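The lines below spell out each chain.
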Amino acid sequence: MLDSKHMVIVNQDGEETEVEVLLTFDSPDGTKQFVLISDPNDEEENVYAFIYTDDGEMEEVTDPEDFRMCEEVYSAFTDEESLDEA
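Computed from a prediction, not measured in an experiment: that's the story for all the values here. (Residues numbered from 1 in each chain as written. Predicted model: local features only at pLDDT ≥ 70, side-chain atom pairs only at ≥ 80, totals over all residues. Heavy atoms only, no water.)

Enquirer: Whenever I open this one, the sheet that holds strand E5 (residues 58–60) confuses me. Can you help?
Expert: Backbone hydrogen bonds hold the strands of a sheet together, and the pairing may be parallel or antiparallel. Taken together, the five strands give an open sheet; going across it, the order is E1-E2-E3-E4-E5, and neighbouring strands pair in antiparallel fashion. If you trace the sheet from one side to the other, it starts and ends with strand E1 (6–10) and E5, each paired once. On average, adjacent strands in this sheet sit at an angle of 45 degrees to one another, irrespective of strand direction. As paired strands, E1 and strand E2 (residues 16–26) are joined by five bridges and run antiparallel to one another. Within the sheet, the bridge partner assigned to valine 8 lies in E2 and is glutamate 18. (Pairing = 2+ DSSP bridges. Helix = DSSP H or I, 4+ residues; strand = E, 2+ residues; numbered from the N terminus. Axes fitted to C-alpha atoms, helices over the stretch in contact; angles between N-to-C directions.)

Structure follows, in structure tokens:
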């Protein structure tokens with residue numbers, strides 16, 4: 001059973017991967033919903049950015065401005081977590 005911080009995504013080949021949901025947030029204008037995820041089995045600890053679509057699907061962030069915003073939000077989030085742990 002998955003908890004609220006984990007979900008299963010299915011790639012284009014039908015393969016399932018359990019991922020950790022790191023952060024969800026809306027764009028400043030409220031028109032897009034973003035989710036940042038990571039694969040707990042990924043040794044490089046990459047973070048992936050997706051947008052929830054109106055039909056409930058997730059699409060990888062490809063717009064450079066959206067991607068930059070995701071990087072900034074994630075950076076601020078991880079900086080805040082570091083302060084909380086200190």
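Enquirer: I'm lost on the environment of aspartate 42 in this one. Help?
Expert: Within the fold, aspartate 42 resides in the loop between strand E3 (33–38) and strand E4 (47–52). Sequence separation between aspartate 42 and valine 19 is 23 residues; the distance between their C-alpha atoms is 9.8 Å.

Enquirer: Looking at this model, I keep getting lost on the environment of valine 19. Mind explaining?
Expert: Within the fold, valine 19 resides in strand E2. On the basis of relative accessible area, valine 19 is assigned to the buried category, the value being 3%. For valine 19 and histidine 6, which are 13 residues apart along the polypeptide, the C-alpha to C-alpha distance reads 5.6 Å. Filtering out sequence-adjacent residues up to four positions away, valine 19 remains in contact with Lys5, His6, Met7, Ile9, Ile37, Ser38, Asp39 and Pro40. (Buried < 20%, exposed > 50% of the residue type's maximum accessible area, 1.4 Å probe, protein only. Contact = heavy atoms within 4.5 Å.)

Distances and angles like these do not, on their own, reveal function.
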